[in-house]
Amino acid sequence: MAKPNIYQQVDVQCISEKYPIYIGNHLLSDHTLLQRYVAGSQVLIVTNKTIAPLYLDNVKQAFAGIQCNDLILPDGEAYKNQQSLTTIYDTLVNHHHHRDTTLIALGGGVIGDITGFAAATYQRGVAFIQLPTTILAQVDASVGGKTAINHPQGKNIIGSFHQPQAVLIDLQTLTTLPTREFRAGLAEIIKYALLVGGDFLNLLNTVLADGFTVKTPQLGDLIAQCCRIKANFVQVDEREETGERALLNLGHTFAHALEAITNYKRWLHGEAVAIGLYCAALLSYQLGHIQKSTLELVNSLLSAAKLPRRIPKDIDLSGLQALMFNDKKIKNKMLRFVLIKAPGNCYLDASVTTDCLHHVLKSAVEGETNEC
Ligand SMILES: NC(=O)c1ccc[n+]([C@@H]2O[C@H](COP(=O)([O-])OP(=O)(O)OC[C@H]3O[C@@H](n4cnc5c(N)ncnc54)[C@H](O)[C@@H]3O)[C@@H](O)[C@H]2O)c1
């Protein structure tokens, strides 16, 4: 068996706790590391039916000496719901898990979010560990303590903040990830590049131009840099109170509505984020904040990652706009958009009118002349 190797560590310092993110190879086989973050004598590993045959046995071996239960959920965003949550609670109750149990999320962002929310609420909060196995979960969903399930009317609208004990990012898990999922994760990396600009944007631009795959030598470094960027946003505004953390939602107001209007079935989350990033750039352009060249840059980054950018013609734009008002970033009944002034300079804007929004949505439809 290959030797576990920690490549980088990023620490997240929140108000009440500090936890490490380890980035490396074969970390799911590092029993000592896994055991270090389990304080009690019970664990529940939550995963899904795609990931279980690949990695569950490996992780279970680390807990051979204690009570280790597992729960294999169906696969998909559609199952990030109340019913799956109840199944987790039922498993915990039926196996007599106490307050010192530890939940282990083994999977992508869906498993991470739902397991984290179960951990946040079971017996008023128990410990959990994130073992993210998609690039999207490694750079984003597993970091920062946002946990949630979806409601049929809106994404992630039932949730809480609950930080994990640790995040173990095993880069080897990405070798089994389907290409479409890998590309979807790149949307969140592009989001970070637009938020911070500078060297990170330049590096990503180069890597994307060369064809970003799981074999890209800079993969581990880019993932570690994303974790660091996200940690910096989380540390200054853990509960999204001052607005700093809300900047991480660049493109997401559009994306969440696109996902909801298609019943979470048409796009992967990252693909919806890609269209959302283009819409956010188009909105920034139409409001006069950015030059055409910046809109073109956003378009070319997304295009190099082979991600969608346009709203398909069959989407009902009025319905889409109505769903945007289910967004969690609404304040005083006004939607707040993250807009771009330049790469590395984004801000929250609560003054976008419904007319302006409608115009942008229309312009973002495939085949419209306002495209770049
Ligand atoms: N909490 C947060 O801060 C946050 C941030 C971003 C996204 N999210 C949430 O994350 C979710 C999206 O996460 P995702 O893109 O990881 O989707 P996902 O969890 O659905 O995983 C994508 C697919 O890949 C499969 N898979 C996962 N790892 C695999 C592997 N190593 N090999 C083979 N197949 C594998 C899964 O079974 C699934 O079919 C959304 O629900 C989104 O709302 C949360």
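Our structure's up above, just so we're on the same page.
Residues numbered from 1 in each chain as written. Predicted model: local features only at pLDDT ≥ 70, side-chain atom pairs only at ≥ 80, totals over all residues. Heavy atoms only, no water.

Chemist: Honestly, the site of the ligand in this entry has me stumped. Any pointers?
Modeler: For the ligand, the set of nearby residues contains 27 residues, the closest of which are Asp75, Glu77, Thr133, Thr134 and Thr176. Residue Asn48 places a side-chain N or O atom 2.9 Å away from an oxygen atom belonging to the ligand. Alone, the ligand offers 860 Å² of accessible surface; in the complex the protein occludes 91% of this. Contributing elements (two or more residues each) for the shell around the ligand: α2 (52–61), α4 (109–121), α5 (135–141) and β8 (154–161). Within the shell around the ligand, the residues separate by chemical class into eight nonpolar, 10 polar and nine charged. (Near = heavy atom within 4 Å. Polar contact = N/O pair within 3.5 Å; in protein donor to acceptor, adjacent residues only side chain to side chain. Areas by Shrake-Rupley, 256 points an atom, 1.4 Å probe, with all protein chains shown as cover. Helix = DSSP H or I, 4+ residues; strand = E, 2+ residues; numbered from the N terminus. Nonpolar A, V, L, I, M, F, W, Y, C, P; charged D, E, K, R; others polar.)

Chemist: How do you make sense of the sheet that holds strand β5 (residues 102–107) when you look at a structure like this?
Modeler: Two modes of strand pairing occur in sheets, parallel and antiparallel, and in both the strands are linked by backbone hydrogen bonds. The strand order across the open sheet formed by seven strands is β1-β2-β9-β6-β5-β3-β4, and the pairing between neighbours is mixed. Each edge of the open sheet is held by one strand with a lone partner, namely β1 (5–13) and β4 (67–73). Across the sheet, the mean angle from the axis of one strand to that of its neighbour is 15°, orientation sign disregarded. Each of β3 (42–48), β4 and β5 touches helix α3 (residues 82–94); the most contacted strand, β4, lies at about 160° to it. Packing of helix α8 (residues 219–236) onto the sheet brings it into contact with β1, β2 (18–25) and β9 (166–170), and relative to β1 it is tilted by some 10°. (Pairing = 2+ DSSP bridges. Axes fitted to C-alpha atoms, helices over the stretch in contact; angles between N-to-C directions. Contact = heavy atoms within 4.5 Å.)

Chemist: Explanation requested: the environment of Gln153 in the structure shown.
Modeler: Along the chain, the position of Gln153 falls in the loop between β7 (146–151) and β8. Residue Gln153 is classed as partly exposed on the basis of its relative accessible area of 48%. In this structure, the C-alpha to C-alpha distance between Gln153 and Ile261, residues 108 residues apart in sequence, is 8.9 Å. Excluding residues within four positions of it along the chain, Gln153 makes contact with Leu323 and Asn326. (Buried < 20%, exposed > 50% of the residue type's maximum accessible area, 1.4 Å probe, protein only.)

Chemist: Just checking my understanding: could you explain unusual backbone geometry for this structure?
Modeler: Note on backbone geometry: most residues besides glycine have negative phi, and most peptide bonds are trans. Not every positive phi belongs to a glycine, and Arg124 is a case in point at roughly 60°. Structurally, Arg124 can be placed in the loop between α4 and β6 (127–132). A positive phi is found at Glu240, a non-glycine position, where the angle reads about 55°. The topology assignment puts Glu240 in the loop between α8 and α9 (252–261).

Chemist: I keep staring at α4 and nothing clicks. Help me out?
Modeler: The periodicity of an α-helix, 3.6 residues per turn, causes residues three or four positions apart to be oriented the same way. Over its 13 residues, α4 runs 18 Å from end to end, which matches the ideal 18 Å to within 8%, given 1.5 Å per residue. Extensive coverage of α4 is indicated by the burial of 11 of its 13 residues. Buried residues of α4: Gly109, Ile111, Gly112, Asp113, Ile114, Thr115, Gly116, Phe117, Ala118, Ala119 and Ala120, and no others. (Expected span 1.5 Å × (residues − 1).)

Chemist: For this particular structure, what's the right way to read the nonpolar core?
Modeler: General note: in soluble globular proteins, nonpolar side chains tend to be found buried as a group. In this structure, Ile135, Ile190, Phe212 and Ile311 are the most contacted members of the largest nonpolar core, which totals 88 residues. With 11 residues, helix α10 (residues 269–286) is the single largest residue contributor to this core. Setting aside its immediate chain neighbours within four residues, Ile190 contacts Leu204, Leu208, Leu277, Leu301, Leu302, Ala305 and Leu307. Among the nonpolar cores identified, the runner-up in size contains 22 residues, and Ile45, Leu56, Val59 and Ala166 belong to it. (Core = buried A, V, L, I, M, F, W, Y, C linked by side-chain atoms within 4.5 Å.)

Chemist: I'm lost on the packing of aromatic side chains in this one. Help?
Modeler: The description of an aromatic ring pair rests on the distance of the ring centres and on the angle between the ring planes. Scanning the entire structure with this criterion turns up three aromatic pairs. Measuring from centroid to centroid gives 6.2 Å for Tyr22 and Tyr37, while their planes differ by 50°, and the two rings are tilted. Taken together, the positions of Tyr22 in strand β2 and Tyr37 in the loop between α1 (31–36) and β3 put the pair 15 residues apart, joining distant regions of the chain. As far as burial versus exposure is concerned, Tyr22 and Tyr37 are alike and both buried. Here Phe182 and Phe212 contribute two aromatic rings whose centre-to-centre distance is 5.7 Å and whose plane-to-plane angle is 80°, an arrangement assigned as edge-to-face. Of this pair, Phe182 sits in helix α6 (residues 179–196) while Phe212 sits in the loop between α7 (198–209) and α8; the two residues are 30 residues apart in sequence, bridging distant segments of the chain. Since its relative accessible area comes to 6%, Phe182 is described here as buried. On the accessibility criterion, Phe212 (9% relative accessible area) is buried. Its end group placed over the ring of Tyr192, Lys191 keeps NZ or CZ at 4.9 Å from the ring centre. The ring of Tyr347 is capped by Lys341, whose NZ or CZ atom sits 4.7 Å from the centre of that ring. (Phe/Tyr/Trp six-rings, centres within 6.5 Å; stacked < 30°, edge-to-face > 60°. Lys NZ or Arg CZ within 6 Å of the ring centre and 35° of its normal.)

Scope: geometric values only; no functional claims are made or implied.
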